Amino acid sequence: MRICVLGLDCAAPEIVFGDEGLKNLRRLMQDGVWGHLESVIPPITVPAWMCMCTSQDPGSLGVYGFRNRTDYTYRGLGFANSGSIRAPAIWDYLAEQGKRSVIVGVPPGYPPRRVNGISVGCFLTPNTQKHDFTHPPELKQKITELVGQYPVDVKGFRTDDKAWLKEQIFDLSRKQWRVVHWLLASEEWDYFHFVDIGLDRMHHGFWNFFDRQHRHYQAGNPYESLIPEYYRWLDQQIGEVLDSLERDAIVLVVSDHGAQRLDGGFAVNEWLIHEGLLVLDEYPSVPTPLEKLKVNWSKTGVWSEGGYYARVFFNLRGREPQGVIPLAQYESFQDELKARLEALTDDQGRPLGSLVFKPKNIYRRVEGIAPDLIVHFGGLLWRSIGSVGHGRLHLQENDTGPDACNHSQFGMFILRAPECRLRGEYRGARLLDIAPTLLDLAGCPIPPGMQGRSLCAASKEGS
Ligand SMILES: [Zn+2]
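Residues numbered from 1 in each chain as written. Predicted model: local features only at pLDDT ≥ 70, side-chain atom pairs only at ≥ 80, totals over all residues. Heavy atoms only, no water.

1. What to know about the coordination of the zinc ion
Bound to the zinc ion are the protein donor atoms Asp 9 (OD), Asp 9 (OD), Thr 45 (OG1), Asp 256 (OD) and His 257 (NE2), situated 2.0 to 2.8 Å from the metal. The sequence motif formed by the donor residues of the zinc ion is D-x35-T-x210-D-H. Pair noted here: Asp 9 is in the loop between β1 (3-8) and α1 (13-16) and His 257 is in the loop between β9 (250-254) and β10 (258-261), with a separation of 248 residues, a long-range link. Side by side, Asp 9 and His 257 carry an identical accessibility label, which is buried. (Donors = N, O, S within 2.8 Å, 3.2 Å for Na, K, Ca; no water. Helix = DSSP H or I, 4+ residues; strand = E, 2+ residues; numbered from the N terminus. Buried < 20%, exposed > 50% of the residue type's maximum accessible area, 1.4 Å probe, protein only.)

As structure tokens, this is what we get:
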């Protein structure tokens, strides 16, 4: 029984399930089970794909985003890579049964994972000309012969040059799918898993041209239909894959999170300065990343990182080198700051509706160095701006380049598996359910440490 997983990074359920023109996805929906898929907190590419493949929440993996604290100093964050994920993934369990996997672009996938089979690095690969990005290394040569230098991402996708960006995304995806079709046909595999990152870049680059609710949407703009066009192009690629597979192959089309408009950015460190919780030696005259500023740590209680969500860190006495918040007050301070963050308003003075999470409340385990609070400003309709020097709290521009979209908590899945008797829409599926479901369908025992459950188990019991 072969399993083919086609990952569409950031695929939005409302588009996938709403567009009747996506003929091949319709075909899969008719033959299988589909629905919203609740992502992890935070719903971010790293760690979400590996949460899916290991059925472990971010706290249990000790990976809270692309960048994580590696110690309790003020040195800043380190980047996650494939070695950051130590929990076994679905392909590791399948390898115990002698099954062979092909893993392409599953983040974090650099350095390339050593799997029983082959793997190709993800968008975190620095340079596919200079570095080895495949396992085994000699696969690189064959890929290069097929498509030239293999692209892993559109570097600089946060740009105003939209004509260039459109070309680059299609070039990236054409080459990646060409490699995928070739690997599907030429390699021996029991488990195949590809992640298309082009869709995520398309959303971040073009969501304001597409979503009528977006503040910067203009009717009749030249890119209005580009996002739907890209979905239809993906649908054709998926159709080709379906045609090439045997009829009883298990097929899963799945996303790590959804997409939604971005209303703006909240300058979280500006707010902490305003509240007297973050103290700088000198306030900058131009917007400047916090790590380039002189923080007066002996007077600072809290600082934060920017990005799609905010990671808020406490300067705790006995933990950080110049900590000021007494350990005995940790929980009461955490509660108080949570309430203050939840009470924030938007640029019109309306409640922002931010979601503020304590790691120990949302994760089964808290490994590594977690943020002390995780904040989804406006339920992620606002992103977190970490730089300082804006002179205000609400911004329309993003400090790391133009970005029209943020992630949303619900991605999507469509599963076609002849063994699974479920049909039609399924409610209540979670990202952590994917690995146990696929192992169950493969006839493998579900490891007891996995945090999700097989979606198909109930339907099989009734058979
Ligand atoms: Zn993603």
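2. A word on the environment of Val 147
Tracing the backbone shows Val 147 in helix α6 (residues 139-147). Each C-alpha atom, one on Val 147 and one on Gly 117, is 21 Å from the other, the two residues being 30 residues apart in sequence. The residues contacting Val 147, other than those within four sequence positions of it, are Lys 175, Arg 178 and Val 179. (Contact = heavy atoms within 4.5 Å.)

3. A word on the domain arrangement of the protein chain
For the protein chain, the domain assignment lists domain 1 (3-262 + 407-461) and domain 2 (264-402). Spacing between the C-alpha centres of domain 1 and domain 2 amounts to 30 Å. Opposite the 33 residues of domain 1 that make contact, domain 2 presents 39 residues. Buried surface at the junction of domain 1 and domain 2, both sides included, amounts to about 3,400 Å², of which 56% is carbon and sulfur. Three residues stand out in domain 1 for area buried against domain 2, namely Tyr 64, Tyr 74 and Arg 158, and they jointly supply 24% of the buried area on that side. Applying the counting rule to domain 1 against domain 2 returns 3 salt bridges. Between Arg 69 and Glu 320 there is a salt bridge; the shortest N-O distance is 2.9 Å. (Domains from an automatic or database assignment. Buried area = accessible area lost by both parts, 1.4 Å probe. Salt bridge = Lys/Arg side-chain N within 4 Å of Asp/Glu carboxyl O.)

4. What about the pairing of strand β12 (residues 302-305)?
Of the two faces of β12, both are covered, the one formed by Val 302 and Ser 304 as well as the one formed by Trp 303 and Glu 305. The pairing of β12 with strand β13 (residues 310-314) spans 4 bridges and is antiparallel. Directly across from Val 302, in β13, lies its bridge partner Phe 314. Counted between consecutive antiparallel strands, the loop separating β12 from β13 contains 4 residues, among which Gly 307 sits at a positive phi close to 130°. (Pairing = 2+ DSSP bridges.)

5. Describing helix α11 (residues 330-342)
Across its 13 residues, α11 extends 18 Å between first and last C-alpha, which sits within 8% of the 18 Å expected from 1.5 Å per residue. Buried residues of α11: Tyr 330, Phe 333, Gln 334, Leu 337 and Leu 341, and no others. The buried residues of α11 all sit within an arc of 100° when viewed along its axis, so they share a single face. On its buried face, α11 sits against α10 (268-274), β12, β13, β14 (355-357), α12 (359-362) and β15 (373-376). (Expected span 1.5 Å × (residues − 1). Arc of directions from axis to C-beta.)

6. Comments concerning the packing of α6 against helix α7 (residues 162-186)
In the contact formed by α6 and α7, the axes pass within 10 Å of each other and the chain directions differ by 120°. On the basis of the axis angle, α6 is oblique to α7. You can see that α6 and α7 cross each other, and the crossing is right-handed. From α6, Leu 139, Lys 142, Ile 143, Leu 146 and Val 147 reach across to α7, where they touch Lys 175, Arg 178, Val 179, Trp 182 and Leu 183. Partitioning the contact of α6 with α7 into residue classes produces 7 nonpolar, no polar and 3 charged. (Axes fitted to C-alpha atoms, helices over the stretch in contact; angles between N-to-C directions. Parallel < 35°, antiparallel > 145°, perpendicular 65-115°, else oblique. Left-handed = near helix turned anticlockwise from the far one by under 90°. Nonpolar A, V, L, I, M, F, W, Y, C, P; charged D, E, K, R; others polar.)

7. A look at the side chain of Lys 140
Locating Lys 140 in the fold gives a position in helix α6. Within the buried core, Lys 140 has no salt-bridge partner, and the shortest N-O distance to an opposite charge, that of Asp 132, equals 4.3 Å. Setting aside residues up to four positions removed in sequence, Lys 140 forms contacts with Thr 128, Gln 129, Lys 130, His 131, Asp 132, Phe 133 and Thr 134. (Lys, Arg positive; Asp, Glu negative; His and termini not counted.)

8. Some remarks on the sheet that holds strand β17 (residues 394-395)
With respect to topology, 3 strands assemble into an open sheet ordered β16-β11-β17, the strand pairing being mixed. Each edge of the open sheet carries a strand with a single partner, namely β16 (382-385) and β17. Relative to β17, strand β11 (residues 264-267) is paired through 2 bridges, and the arrangement is antiparallel. Across the sheet, Gly 265 pairs through a bridge with Leu 395, a residue of β17.

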